[in-house]
Amino acid sequence: MFAIETQHLSKFYSRGKVKALQNFSLTVEQGKIFGLLGPNGAGKTTFIKIVLGIIHPNGGKASILGKPITDYKVHRHIGYLSEKHHFPGFLTAGRVLYYFGKMSGLTGSALEKRMDELLELVKLSDWKNHKVREFSKGMQQRLGLAHALINDPKLIFLDEPTDGIDPVGRREIRDLLQLLRDQGKTIFLNSHLLSEVERISDEIAILKDGRLLKKGPVHEFLAVDRQYQLKIAQEKNTLEAICQKMSVTLSQTDGAFMISVKNDEQLNELIDRLRSSKVLIRAIVPYKISLEDFFIDVIEENEGDGQ
Amino acid sequence: MKLWSIILLTFRESLAKKTFMAFLGISTFICLLLIFALNLDIVNGMQSSVSLFGQDIESAAEITKILFGIESGIAILLFSGGIFMSLFATSSLVPSLLQEGYIDIFISKPVSRLDILLGRYLGAIVIVALNIFYLVIFSGAILSIKTGIWNWGYLWAGVIIVLTFGALFALMTFLSVLSRSGPLSLMITYLVLFFSPMLLARDEIYALLSSPVYGYFFDGLYYFLPKTAELGVILQKLVSNQPVESWMPLWSSMLFAVFMLAVTAYIFQKKNF
Ligand SMILES: Nc1ncnc2c1ncn2[C@@H]1O[C@H](COP(=O)(O)OP(=O)(O)OP(=O)(O)O)[C@@H](O)[C@H]1O
Ligand SMILES: [Mg+2]
């Protein structure tokens, strides 16, 4: 069973002029952190809202945790942090968790215990009896996250969870998400913070103009074979000469040298030659492009052939 | 259980609005007025006299008349002013639920859209009923203890008021789901509240119209809409212990509420948020 499975989902707005999703098919395995990326207006929020039954698709089929999305009862095992969530300002943090916990089917002491645990987890214990209107943006976001976890969900949808949260808080949330994943939960993440997605996601998909451009494991997208970043102290000319002699491609980016070799033997021979010419090697690092570079490449490749 | 949590949350949201507090304040004031304005002298277990605002009233029949008079007054006040205020105070409940970022949360919980809508509707009814019965029960008790006459018709009047509110609030809920605007829905509901009584005089309007089609139209409108004026008449009959000639205005208004809620539920089900 997949955590999420959709077939040919489509959603149009403004009588078909805006295609928020087009023929979008996606499967997400259980126990993974899945990142959905895409420029503003790509359809990421639309996708989450469709699978949660908040908006209705114009076509296609979808299921979560093996149940069709029209079955609201499956929400017993779902957590959701909305991109624009807002809780009534006059409610205290405790009350927010209380009412929505009850709506998720929790009661009595189990609910009370869970509330305290979660407030502790998002570092809002001291704010339990404060009204939401006194909260800063980041605190509201933390409360939103706590609320999304109240029912100990199996599948968690987070629409830009670290929006407005400070760096330390972001790291804590990252650790939390990894912990949840290790407990076997599935996390579906929409985020623009690509460095974060890169760090925690197992799999990503890239969406643009409502269409799926790429989907796969993060490490496969980012690894570039047989390219290395080389840091040396000086002797730039020596390096250039050796590379030319060995016909190794050399380029220079951001003050570091990039070499592209045919195989490991060639790499080792290069190192031997550099060393015997007394070139001081500081580091040789297998080259990985950042998710950001990959993302921008994919988006630019598909520029213009949108709607 | 989950429906109840939605009702409770709606209740809590209403409380946060100061209007209901003002409502309770006014009710308390009326009760205090009754406590101090109406004096009874009991001699040998018999009422020898009742005095209202210092004036003595002698006969038992007179006392009953006065009691019915005061209770009718309060009931009519609640029926008009109370419903007016209650509609005002509840007008933002449905639009605020439909706000992006709030309705999402509800739908993502294991509750059906029907439960969400009903929870809101019933939450509003519960808080209005509490307000109305607060005044009806307390003022009724004060008056009955002082006069020794227990008038159950007064309690039934409270029920009629809540039901009338229920019919009008169903209309307002429908308008709110359609337009997502509290003020607009409130205005149209007020229009229905104030102008539907005119349909009672539709025979006079017919005389002025050329085509019988208008006649059918106004007849249809009359039978469709909540019949606030006639509900007011039923209310007065109940308070003064007189027989009610026709319950049609009540059941047809309730039918209107059910119909409105059903249509609203259908629209709500189809909506994208
Ligand atoms: N209610 C609506 N009416 C009309 N168009 C809408 C509506 N909601 C979304 N859209 C359009 O659908 C498209 C997808 O929007 P969506 O919110 O899913 O984007 P997103 O990928 O979440 O963007 P962001 O990164 O900015 O959050 C956009 O073009 C948007 O303008
Ligand atoms: Mg979005």
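Residues numbered from 1 in each chain as written. Chains lettered and ligands numbered in written order. Predicted model: local features only at pLDDT ≥ 70, side-chain atom pairs only at ≥ 80, totals over all residues. Heavy atoms only, no water.

The name an unreviewed UniProt entry assigns to chain B is ABC transporter permease, from the organism Caldithrix abyssi.

Chain A is annotated in an unreviewed UniProt entry as ABC transporter ATP-binding protein from Caldithrix abyssi. In its Sequence similarities (unreviewed entry) section, the UniProt record describing chain A reads: "Belongs to the ABC transporter superfamily." (UniProt positions renumbered as here; feature names shortened; annotations may be inferred.)

Trainee: Tell me about the packing of aromatic side chains, and name the residues and values.
Mentor: Residues and elements named next belong to chain B. If you walk through the whole model with that rule in mind, you get 22 aromatic pairs over all chains. Summarising the aromatic geometry, the rings of Phe224 and Phe256 are spaced 5.1 Å apart at their centres and angled 80° between planes, so their arrangement reads as edge-to-face. With Phe224 in helix H10 (residues 212–224) and Phe256 in helix H12 (residues 248–270), the pair connects residues that are 32 residues apart, well separated along the chain. Residue classification places Phe224 among the partly exposed residues on the basis of a relative accessible area of 34%. (Phe/Tyr/Trp six-rings, centres within 6.5 Å; stacked < 30°, edge-to-face > 60°. Helix = DSSP H or I, 4+ residues; strand = E, 2+ residues; numbered from the N terminus. Buried < 20%, exposed > 50% of the residue type's maximum accessible area, 1.4 Å probe, protein only.)

Trainee: Can you break down the domain arrangement of chain A residue by residue, with the values?
Mentor: The assigned domain composition of chain A is domain 1 (2–209) and domain 2 (224–291). Each of domain 1 of chain A and domain 2 of chain A was reduced to a C-alpha centroid, and the two centroids are 44 Å apart. (Domains from an automatic or database assignment.)

Trainee: Can you break down the UniProt feature "domain: ABC transporter" (unreviewed entry) in chain A residue by residue, with the values?
Mentor: Here, UniProt's "domain: ABC transporter" (unreviewed entry) annotation points to residues 4–234 of chain A. Within the segment residues 4–234 of chain A, helix and strand shares are 32% and 31% respectively, and the terminal C-alpha atoms sit 53 Å apart.

Trainee: Describe the site of ligand 1, with residues and values.
Mentor: All names here are of chain A. With respect to spatial proximity, 14 residues lie near ligand 1, and among them Lys44, Thr45, Thr46, Glu83 and His192 are the closest. Measuring from an oxygen atom of ligand 1, one finds a backbone N or O atom of Ala42 at 3.1 Å. Considered on its own, ligand 1 offers 640 Å² of accessible surface; in the complex 64% of this is hidden by protein. Elements that contribute at least two residues to the shell around ligand 1 include exactly strand E2 (18–28) and helix H1 (44–51). Tallying contributions element by element places H1 first for the shell around ligand 1, with three residues. A class-by-class count of the residues in the shell around ligand 1 yields five nonpolar, six polar and three charged. (Near = heavy atom within 4 Å. Polar contact = N/O pair within 3.5 Å; in protein donor to acceptor, adjacent residues only side chain to side chain. Areas by Shrake-Rupley, 256 points an atom, 1.4 Å probe, with all protein chains shown as cover. Nonpolar A, V, L, I, M, F, W, Y, C, P; charged D, E, K, R; others polar.)

Trainee: Lay out the interface of chain A and chain B with the relevant residues and their values.
Mentor: Counting residues at the interface gives 28 residues for chain A, matched by 28 residues for chain B. Taking both sides of the interface into account, the surface hidden between chain A and chain B amounts to around 2,700 Å²; carbon and sulfur atoms contribute 64%. Inspection of the chain A/chain B interface yields three salt bridges. Of the charged contacts, one joins Lys49 of chain A and Glu100 of chain B as a salt bridge, the two residues approaching to 3.2 Å between their closest N and O atoms. Taken together, chain A and chain B are joined by 13 residue pairs in polar contact (both at pLDDT 80 or more). For the side of chain A that touches chain B, the leading source of residues is helix H2 (residues 93–103) of chain A, giving four residues. Taken together, the residues of the side of chain A that touches chain B break down into twelve nonpolar, ten polar and six charged. (Contact = heavy atoms within 4.5 Å. Buried area = accessible area lost by both parts, 1.4 Å probe. Salt bridge = Lys/Arg side-chain N within 4 Å of Asp/Glu carboxyl O.)

Trainee: Tell me about helix H8 (residues 236–246) of chain A, and please be specific about residues and values.
Mentor: Side chains of residues three or four places apart in an α-helix project in the same direction, reflecting 3.6 residues per turn. All names here are of chain A. Among all positions in H8, only Leu239, Ile242, Cys243 and Met246 are buried. One face of H8 carries all of its buried residues, which in axial projection span an arc of 100°. Among the exposed residues of H8, those oriented more than 90 degrees off its buried face are Asn237, Gln244 and Lys245. Of the surrounding secondary structure, the elements contacted by the buried residues of H8 are strand E11 (223–232), strand E12 (249–253), strand E13 (256–260) and helix H9 (264–276). Once H8 finishes, Ser247 follows within two positions and takes phi at roughly 45°, a positive value. (Arc of directions from axis to C-beta.)

Trainee: Any details on the nonpolar core? Residues and values, ideally.
Mentor: Residues Ile4, Phe47, Leu143, Phe157 and Phe188 of chain A are the most contacted members of the largest nonpolar core, which totals 144 residues. No other element matches helix H7 (residues 152–179) of chain B, which puts 15 residues into this core. Excluding residues within four positions of it along the chain, Ile4 of chain A makes contact with Leu26, Thr27, Val28, Phe47, Val51, Ser63, Ile64, Leu155, Phe157 and Phe188 of chain A. Ranked by size, the runner-up nonpolar core spans 15 residues in total, among them Leu230, Ile232, Ile259 and Leu274 of chain A. (Core = buried A, V, L, I, M, F, W, Y, C linked by side-chain atoms within 4.5 Å.)

Trainee: Describe the UniProt feature "transmembrane region" (unreviewed entry) in chain B, naming the residues involved and giving the relevant values.
Mentor: Residue and element names in this part refer to chain B. In this structure's numbering, the residues bearing the UniProt feature "transmembrane region" (unreviewed entry) are residues 26–45, 66–89, 121–143, 155–178, 184–201 and 250–268. Helix makes up 100% of residues 66–89 and strand 0%, whereas the separation of the span's terminal C-alpha atoms amounts to 32 Å. Taken end to end, residues 155–178 is 100% helix and 0% strand, and its two terminal C-alpha atoms sit 35 Å from one another.

Trainee: Before we move on, could you go through the coordination of the magnesium ion (ligand 2) and cite the residues and values that matter?
Mentor: All names here are of chain A. Coordination of the magnesium ion (ligand 2) by the protein is provided by Thr45 (OG1) and Glu83 (OE), with metal-donor distances spanning 1.9 to 2.4 Å. On the criterion of sequence distance, the pair formed by Thr45 in helix H1 and Glu83 in the loop between strand E6 (78–81) and H2 is long-range, its members being 38 residues apart. A relative accessible area of 16% means that Thr45 is categorised as buried. We classify Glu83 as partly exposed; its relative accessible area is 32%. (Donors = N, O, S within 2.8 Å, 3.2 Å for Na, K, Ca; no water.)

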